[in-house]
Amino acid sequence: MKVFHGSDVRIEKIDLAQSGAFKDFGNGFYVTAIRKHAHQRAVNVASEHDTKPIVTEFEYLEHYPVTMNMKVKRFETVSEEWIQFIIMNRNRNIIHPAHAYDIVEGPIADDWITSQIQRYQKDKITIEQLIEKLTYREQTHQICFCSPESLWALEFVDNDARFEVEDISNTIIEALTVDCKMNPLTAVKRFYASATYAQLANPDTGLYTRTWEDVYVLFKQESGKHIC
C-alpha cells in the first residue's frame, strides 16, 4: 500500500524520538493512504516554519506485521471504541504509552471532531449523538507506527517522478495564492481535486516531465474563468 507523510522535510530515516505525544493513536510515526490529506498537513507545517511543504512516500508492507506477529489495531470507521481510544491517548493524566499496539490504523480526529469529542466529555451530547455527527464526515485515514519494530514495515520510495510532481504541485499552489489571493489550504484543495492533478500524478501521462507553467495553463483551462 502506498502511504504518505506530510511535513516540511523529506523523511528517509524515521526517528520515533521526534514524534510528539498525546495524539489520536499515541506517540508514533503517522502516515495516510490519502495523499491530498498528507499534502494539506505538509502545508500546515510549512506555514508554521516558513518553509516548503514536502510529502514523503512510503510502501507499507502489510504482510510484515502479520509475519512478525505484531499487535495491530484497526478501526474501520468511527465508533465508540475509536472515540474512547482517542480520549485515552490524549489524556495527559495517565502513564504513556497508553496502549501496547505496534500499529494502529483508523480515521483522523481533526479539529472539528476534537471539539465534538470535548462536548461529549462535558456531557453536552450523548455518545449516540456524537457518532451520528461523525458518521457522514469526509473520509479520513491514518496509520500510526508506534514501535521501533513496526518501522520495518515501511519502505522509503525514492521516486524521481514523484519528486517532480511534488515540485510542480507546490509551485502551482504558490502561484494560486499569489495570482488569485487564495488561502493556501483552499489552493491545495482546488488543485488536488482537479483532473489536471490526476494526470500529473499519473506517470503514464508524462505530464510531470513538462514545465510547471505548462501544467498551470492546463489547470487554468480546466477551471475556466472561475479559477479566481
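Residues numbered from 1 in each chain as written. Predicted model: local features only at pLDDT ≥ 70, side-chain atom pairs only at ≥ 80, totals over all residues. Heavy atoms only, no water.

Draft legend 1. The arrangement of the sheet that holds strand S7 (residues 154-156) in detail. Sheet architecture is open: three strands sit in the order S1-S3-S7, paired in antiparallel fashion. Here the strands that pair on one side only, and so sit at the sheet edges, are strand S1 (2-7) and S7. For this sheet the average axis-to-axis angle between neighbouring strands, irrespective of direction, equals 40°. Across the sheet, helix H1 (residues 35-49) lies against S1 and strand S3 (54-60), angled at about 15° from S1, the strand it touches most. (Pairing = 2+ DSSP bridges. Helix = DSSP H or I, 4+ residues; strand = E, 2+ residues; numbered from the N terminus. Axes fitted to C-alpha atoms, helices over the stretch in contact; angles between N-to-C directions. Contact = heavy atoms within 4.5 Å.)

Draft legend 2. Structural detail: the packing of aromatic side chains. Enumeration according to the criterion identifies 12 aromatic pairs in this entry. An angle of 55° between the planes, with centres 6.0 Å apart, marks the rings of Phe25 and Phe85 as tilted. Here Phe85 lies in helix H3 (residues 80-90) and Phe25 lies in the loop between S1 and strand S2 (29-31), a separation of 60 residues in the sequence. Residues Phe25 and Phe85 agree in their burial class; the two are buried. By the ring-pair criterion, three or more aromatic residues cluster together here, those being Phe25, Phe75, Phe85 and Tyr101. A cation sits over an aromatic face here: Lys220 above Tyr216, 4.5 Å from the ring centre. (Phe/Tyr/Trp six-rings, centres within 6.5 Å; stacked < 30°, edge-to-face > 60°. Buried < 20%, exposed > 50% of the residue type's maximum accessible area, 1.4 Å probe, protein only. Lys NZ or Arg CZ within 6 Å of the ring centre and 35° of its normal.)

Draft legend 3. Examining the sheet that holds strand S5 (residues 103-106) more closely. Pairing is mixed across the open sheet formed by four strands, whose spatial order is S2-S6-S5-S4. Two strands bound the open sheet, and with one partner strand each, they are S2 and strand S4 (72-74). Each strand axis lies, on average, 15° off the axis of its neighbour in the sheet, ignoring direction. Here S4 runs beside S5; their pairing, made up of three bridges, is parallel. Bridge pairing links Lys73 to Val104 in S5.

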